[in-house]
Structure formats: C-alpha cells, structure tokens
Amino acid sequence: MKKHNFNAGPCVLPKEAIESAIAAIRDFDNTGIGILEISHRTPGWERIMAETEQLWRDLLNIPDDYAILFLGGGASTQFFEVPANLLKTKAAYLQTGVWAKKAIKEAKFYGDVEVVASSEDKNYTYIPKGYKIPTDVDYFHITTNNTIYGTEIHEDMDSPVTLVADMSSDIMSRPVDVKKYGLIYGGAQKNVGPAGVTFVIVRKDLLGKVDRKLQTMVDYRTHIGDEPRNNSMFNTPPVFSIFVMHETLKWVKELGGVEEMYKRNKKKAELLYNEIDRNSMFVGTAVKEDRSLMNVCFVMAPGHEALESEFMNFAKEKGMVGIKGHRSVGGFRASIYNACPLESVEALVACMQEFEKNHK
Ligand SMILES: *Cc1c(COP(=O)(O)O)cnc(C)c1O
C-alpha cells in the first residue's frame, strides 16, 4: 500500500533527490567511486559545495555580504553558537515553544536574556503580539515556525536590532526577505534535506564583535572561506547530507523556486485546515491566524476524545505515517513540508471524512 509520510523530521524528501542519492552512492560524478568514499577535497565535490551555496543564494536572494555555512551539530548547537558569536551583554528572545526555550537556556551562558513575551500560558497555541522589541540588546531571537505546536510567524518582521531566526522547519517554504535578518539558522532535516547538516546564513559584518575568546570551531569566521564560494571546508563537512540537500534544492528550483513552494504549501494547508474546521470529529489546536503552513496540529473534538486511538489505527490502515502529535500537545500532527505531495494531504482528508461518516 502507498504510504503517506507526515513525519515531523526527518521527513519526506523529493523522490528525485532520493534517486540521485542512490545513484551517487554507487558512482559519484562518473568517478567510479561512490559519494560516501570520496575525499571532500576532490574537484567534483568542491563543485557540489559551490553549487549548493549558489542554490541557496538564488532561491532566497541572499546578498553577497552574507555567508552561508553548512555545519554539523544540528540547530541545537546553534542555540549556543549564536550567542557565543553575537551576544555581548544582553539579548532578547520571543518564547513561542520548547525550541525557543532551549535557545534561551543556552544564551544565558553568555549574558543577560530578556524574554520579551511568551505564549507558555496557553501551551504555545499562539504567537504573542503587541510586545516591544528592546533597543538595548545585541539581537532579538525568534523561532519562525513552531514545529511541535503548529504555529508560525508568517511575515518578516521589522526589528530595531539585529534579528536572529531559527527557521529549522519553514526555511524554503516561502519567500524570505533575508536582508531583514542578521542571522538565520536551522537543521536541514525538516525542509531542505536529511539530518546531519545545519545551515547558518549570517551577515558578515556582525562577526568578531564579542570580547570573549571563541573556540576555533565555534567561531563562524573559521568556516568562512577566502573565496566567496569555498565556505564550510575548514573541516570535513557532512558530505552526504549536503549532497542530498543539493539535490533537494535543485528540485525546488526546477519547480519554480520558493514562490511556487509557497503557493503549493498554502493550498495543502488550506485543504487540511478546512477539513479540520468542517469535520465534527476534530478541532485544531493553534489559533487560526497563527496556524502553521508546515505542521498542522489537531485533536479529537470535545465529546470524541475516546476515539483518538481508533482514528490513529484507522489512519494507519489507510497508509498514513507519522501523524501522532508531539507528547506535549497530544492528538495529531501532520507535517506537510515542501516535499509532501498534495495527494498525501488529499488522502488524509479523505480518511478523516470516512472516519466521520463511520461514526455518524
Ligand atoms: C527540529 C527543530 C530544532 C532542533 O533541531 P536539531 O537539528 O535536532 O538540533 C530546533 N528548532 C526547531 C524550530 C526545530 O523544528
């Protein structure tokens, strides 16, 4: 039976990227040697690194005064590398979920942290509004998409101080005005590739301003090459993960770039949220205006709570994979990233409709 993959991350990737990855494991770039067995100093690989960076620049219009780094350690490592490199005395954070909370915890190792607003009071079901970004801080940190709770900041905000964003789970899902941000980071495994590579997009003039001594690997400047396109080669980069990211971004570009992704993502999300709102068996958990286009969270409607595991089994029998909600929200979460086809969302909607009919 066809499986519909709604995993939150690692998650569904474009079939085309998987096929090229399989071929490259057998033979990379007609060398007769597989990609897992080549040196990262071979010209064929250096070309892939340069092309990957160029794809990022083209897709998101990233200006030349920004470096793009591909590092290890996941977004969780950036929770401390960001303050290590940017926090002089004080930083401000918007607390919209546990990822934000974890970032706050790490920043406190380096200086004062002001949490300007938090939605913890309502289990992070909304994005706080009406707060003021302080001007006496080195940067303001936001999480643009809250993977666990299904809330999203839909617009690039104006900030009087350097704006830093964890975009792990919505990067490349919509056009982003990179110039409004000083630094954008995230793990690749939600929307741009497999686990194992972390992207950091940073405006270079922000670096080298802190007084503290930084370990070589922690200092972003270590990973910025002399040539504009030889970044992230100080040590061995996560070669295979970057290769699959390269293939994933090529797929995004061939389909029409982030504008086309945004169009498709809005269509998929609308279809699923409409069904949640229409169907008497389910309710959404996030407030409507802050609903994420990437992670759709819903629970059984009041009175139907006892049917949760029944629906889970029913959906599983129909080929739905990965729709169990995070333990801190419960219910269901369908992650419908770029590579999730409309057809999968249609299958989930049909499954919800059939379940309702069976219980009428
Ligand atoms: C998944 C996720 C993380 C953690 O990423 P790792 O690469 O596993 O460290 C951080 N922030 C957000 C928003 C995420 O979705």
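Residues numbered from 1 in each chain as written. Predicted model: local features only at pLDDT ≥ 70, side-chain atom pairs only at ≥ 80, totals over all residues. Heavy atoms only, no water.

**Section: the pattern of salt bridges**
Where side chains of opposite charge bring their charged atoms close, a pairing between them can arise. If you walk through the whole model with that rule in mind, you get 24 salt bridges. A salt bridge links R47 to E51; the shortest N-O distance between them is 3.1 Å. Of this pair, R47 and E51 both sit in helix 2 (residues 43-60), 4 residues apart, roughly one helical turn. Judged by relative accessible area, E51 falls into the partly exposed class, the value being 31%. (Salt bridge = Lys/Arg side-chain N within 4 Å of Asp/Glu carboxyl O. Helix = DSSP H or I, 4+ residues; strand = E, 2+ residues; numbered from the N terminus. Buried < 20%, exposed > 50% of the residue type's maximum accessible area, 1.4 Å probe, protein only.)

**Notes on the side chain of R291**
Mapped onto the elements, R291 comes out in the loop between strand 11 (282-284) and strand 12 (295-300). For R291, a relative accessible area of 11% puts it in the buried group. Setting aside chain neighbours within four positions, we find R291 in contact with G150, E152, H154, Y273, D277, G284 and A286. (Contact = heavy atoms within 4.5 Å.)

**Some remarks on the domain arrangement of the protein chain**
Along its sequence, the protein chain is carved into domain 1 (15-255) and domain 2 (257-358). Placing the centre of domain 1 and that of domain 2 at their C-alpha centroids yields a distance of 28 Å. If you look at the interface, domain 1 gives 27 residues, while domain 2 gives 27 residues. Approximately 2300 Å² of surface area, both sides summed, lies buried where domain 1 meets domain 2, with 55% of it carried by carbon and sulfur atoms. The interface formed by domain 1 and domain 2 includes 2 salt bridges. Residue K129 is joined to E289 by a salt bridge in which the shortest nitrogen-to-oxygen separation is 3.4 Å. (Domains from an automatic or database assignment. Buried area = accessible area lost by both parts, 1.4 Å probe.)

**Some points on helix 1 (residues 15-26)**
Given 3.6 residues per turn, any residue in an α-helix points the same way as the ones three and four places further on. Given a rise of 1.5 Å per residue, 12 residues ought to cover 16 Å, and the 17 Å separating the end C-alpha atoms of helix 1 matches this to within 8%. All buried positions along helix 1 are accounted for by A17, A21 and A24. Down the axis of helix 1, the buried set is contained in an arc of 70°. They therefore lie on one face. Residues of helix 1 that are exposed and point more than 90 degrees away from the buried face comprise K15, E19 and R26. Buried positions along helix 1 lie against helix 5 (239-255). (Expected span 1.5 Å × (residues − 1). Arc of directions from axis to C-beta.)

**Topic: the packing of helix 2 against helix 5**
For the pair helix 2 and helix 5, the least separation of the axes is 9 Å and the interaxial angle reads 45°. As the angle between them shows, helix 2 and helix 5 are arranged oblique. Helix-helix and strand crossings are classified by hand; for helix 2 and helix 5 the assignment is left-handed. Contacts between helix 2 and helix 5 pair W45, I48, M49, E51, T52, L55, W56, D58 and L59 from the former with V239, I242, F243, M245, H246, L249, K250, V252 and K253 from the latter. Class assignment of the residues belonging to the contact of helix 2 with helix 5 gives a composition of 12 nonpolar, 2 polar and 4 charged. (Axes fitted to C-alpha atoms, helices over the stretch in contact; angles between N-to-C directions. Parallel < 35°, antiparallel > 145°, perpendicular 65-115°, else oblique. Left-handed = near helix turned anticlockwise from the far one by under 90°. Nonpolar A, V, L, I, M, F, W, Y, C, P; charged D, E, K, R; others polar.)

**Observations concerning the environment of A92**
Mapping A92 onto the fold places it in strand 3 (residues 90-95). A relative accessible area of 0% places A92 in the buried class. In the structure, A92 is positioned 22 residues away from E114 in sequence and 4.6 Å away in space, judged by C-alpha atoms. With sequence-adjacent residues up to four places away left out, A92 is seen in contact with E114, V116, P134, V137, Y139, F140 and H141.

**Quick look at the pairing of strand 5 (residues 140-143)**
Side chains F140 and I142 project from strand 5 onto one buried face, and the interleaved H141 and T143 project onto a second face that is buried too. As paired elements, strand 3 and strand 5 share 2 bridges and run parallel to each other. Within strand 5, the position partnered with Y93 by the bridge is H141. Here strand 5 runs beside strand 8 (residues 163-166); their pairing, made up of 4 bridges, is parallel. Counted as the bridge partner of H141 is V164 from strand 8. (Pairing = 2+ DSSP bridges.)

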